[in-house]
Amino acid sequence: MGNIIFSVLFRKRWAYDDTGLAELLEAAHTAPQVINPSFYFLIPTFVHYLGRFNFIPMKSMRMVQLAFEKLSGFSDVEISNHLMNNNSTLNPDEEQAHRHFADIFLSTADGKTSKGEQTYMTVNSLKGVVANLFLGGLDSTATVLTWLILLLLKYQDVQKKAREEVDAIIGRERSPTLTDRDQMSYVNAFIQETHRFVTASPHGSYHLVSQDTEYDGYFIPKGTHVVQNLWAIHHDEANFKDPFVFNPERFIDDEGAFTKSRLVVPYGTGKRICPGEVLAQRELFLFVATLLQKFDLQPPEGVSPDSISVEGVYNGAGIFVPDFKVRFMPLTNPST
Ligand code: HEM
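Keep in mind that what you see is a predicted model, and the values were worked out from it rather than measured.

Cut-offs applied
Residues numbered from 1 in each chain as written. Predicted model: local features only at pLDDT ≥ 70, side-chain atom pairs only at ≥ 80, totals over all residues. Heavy atoms only, no water. Donors = N, O, S within 2.8 Å, 3.2 Å for Na, K, Ca; no water. Helix = DSSP H or I, 4+ residues; strand = E, 2+ residues; numbered from the N terminus. 1 Å grid on protein atoms, 1.4 Å probe; cavity = no way out; pocket = protein on both sides within 12 Å on 5 of 7 lines; lining within 4 Å. Points joined across faces, edges and corners; volume = space filled by probe spheres on them. UniProt positions renumbered as here; feature names shortened; annotations may be inferred. Buried < 20%, exposed > 50% of the residue type's maximum accessible area, 1.4 Å probe, protein only. Near = heavy atom within 4 Å. Polar contact = N/O pair within 3.5 Å; in protein donor to acceptor, adjacent residues only side chain to side chain. Arc of directions from axis to C-beta. Phe/Tyr/Trp six-rings, centres within 6.5 Å; stacked < 30°, edge-to-face > 60°.

Here we take up the coordination of the iron atom of the ligand. Here the protein supplies the iron atom of the ligand with just one donor, Cys274 (SG), and that contact is 2.3 Å long. Of note, Cys274 is situated in the loop between helix H10 (230-234) and helix H11 (277-294).

Listed below in structure tokens is the structure:
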């Protein structure tokens, strides 16, 4: 996941044994993990007021701050190197297809629109954007991918159906590509049902109401912190029959086609919806299709799939996967 984001941002990859990569992954992993449920709802206050004085009294919040510092340090170095070595590519008229995010951002980052209005597109803000994309994109996608593996393990019938589709559409010889995605109703339904059933980011991030607002009969004063309850949308009987049952078929219509549900909103909603949604969906599809093509996922010897728990662990920020063991049994041909 780290290398995918690194290549989108800077068109670079780390070697797997690179210590810099290990440190960044640790930082991106630490921040969401150490948050304590009872204090999550105080975070805006910490960030808003205490953060200004660089005074963070709790150990877990201090660890989050250190993780941010590590990620900002990394983006500072990468952006400075890029500016030093690639002045020639910082040209807005350059062919866009082969350039990466940071280069395109920097080539237009003079802080002004074409009409001369002020924007946040500056070199300094790119540092924050890069750190945020790492923080937002690494653990969230890895967590959902681990959930997908756990659910394939637990629901062997789902795994079987999904693999049959992979075998029929892709086969075992070539690698899955994004052009296969539209033909793979069951795999798409499985991924959407996993997002609904799990809701790994159950309430997204905080938003600050920028003006006095009336919504659905409620008055919400300017300055209020609001969160959206995505988990509740996904588990409301009015939206989904038997919401606590894992059932990818709910998203397959009578003709066998996948139906995308506007009520499945794991990436949030509105203007501040997750900017990584398209990237994450592509990653998840390619990972799942490749796993199904290459491996049969089985529990350890003597463990029945029925006994495997799919009870998530909520830490106030996300719903994480319970510990589990899986055997990846290599597949060779469709009849295996
Ligand atoms: C399966 C994977 C992912 C899930 C479930 C997920 C979920 C979410 C959710 C629920 C939000 C909050 C939206 C809101 O408050 O309205 C969010 C925000 C965000 N996500 Fe993701 N995300 C995922 C992957 C990614 C990836 C791959 C990236 C970047 C490469 C990313 C970057 C961000 C950023 C920067 C924000 C903050 C946006 C803002 O505050 O305006 N996410 N994500």
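Roughly 430 Å³ of internal volume is contained in the second largest pocket. Of all the secondary structure elements, the ones that give two or more residues to the lining of the second largest pocket are helix H9 (185-198) and H11. By residue number, the principal contributor to the lining of the second largest pocket is H9, which donates five residues.

Once that is clear, we can look at the UniProt feature "binding site: heme" (unreviewed entry) in the protein. UniProt annotation of "binding site: heme" (unreviewed entry) refers to Cys274 when read in the numbering used here. Residue Cys274 is classed as partly exposed on the basis of its relative accessible area of 31%.

Residues in contact with the ligand amount to 23 residues; listed here are only the nearest, Ser205, His207, Gln228, Arg272 and Cys274. A distance of 3.1 Å is found between an oxygen atom of the ligand and a backbone nitrogen or oxygen belonging to Ser205. Between the ligand and the protein, one listed contact pairs an oxygen atom with a side-chain N or O atom of Arg272 at 2.6 Å. Element by element, the count of residues in the shell around the ligand is highest for helix H7 (residues 123-154), at seven residues.

It is worth spelling out helix H1 (residues 2-10) at this point. Taken as a whole, H1 has its buried residues at Gly2, Asn3, Ile5, Phe6, Leu9 and Phe10. An end-on view of H1 places all buried positions within 160° of arc, on one side of the element. Immediately beyond the C-terminal end of H1, within one or two residues, lies Arg11, with a positive phi of roughly 50°.

This model, assessed by the stated rule, comprises 14 aromatic pairs. Grouped by ring-pair contacts, the aromatic residues Phe6, Phe10, Trp14, Phe74 and Phe134 constitute a single cluster.

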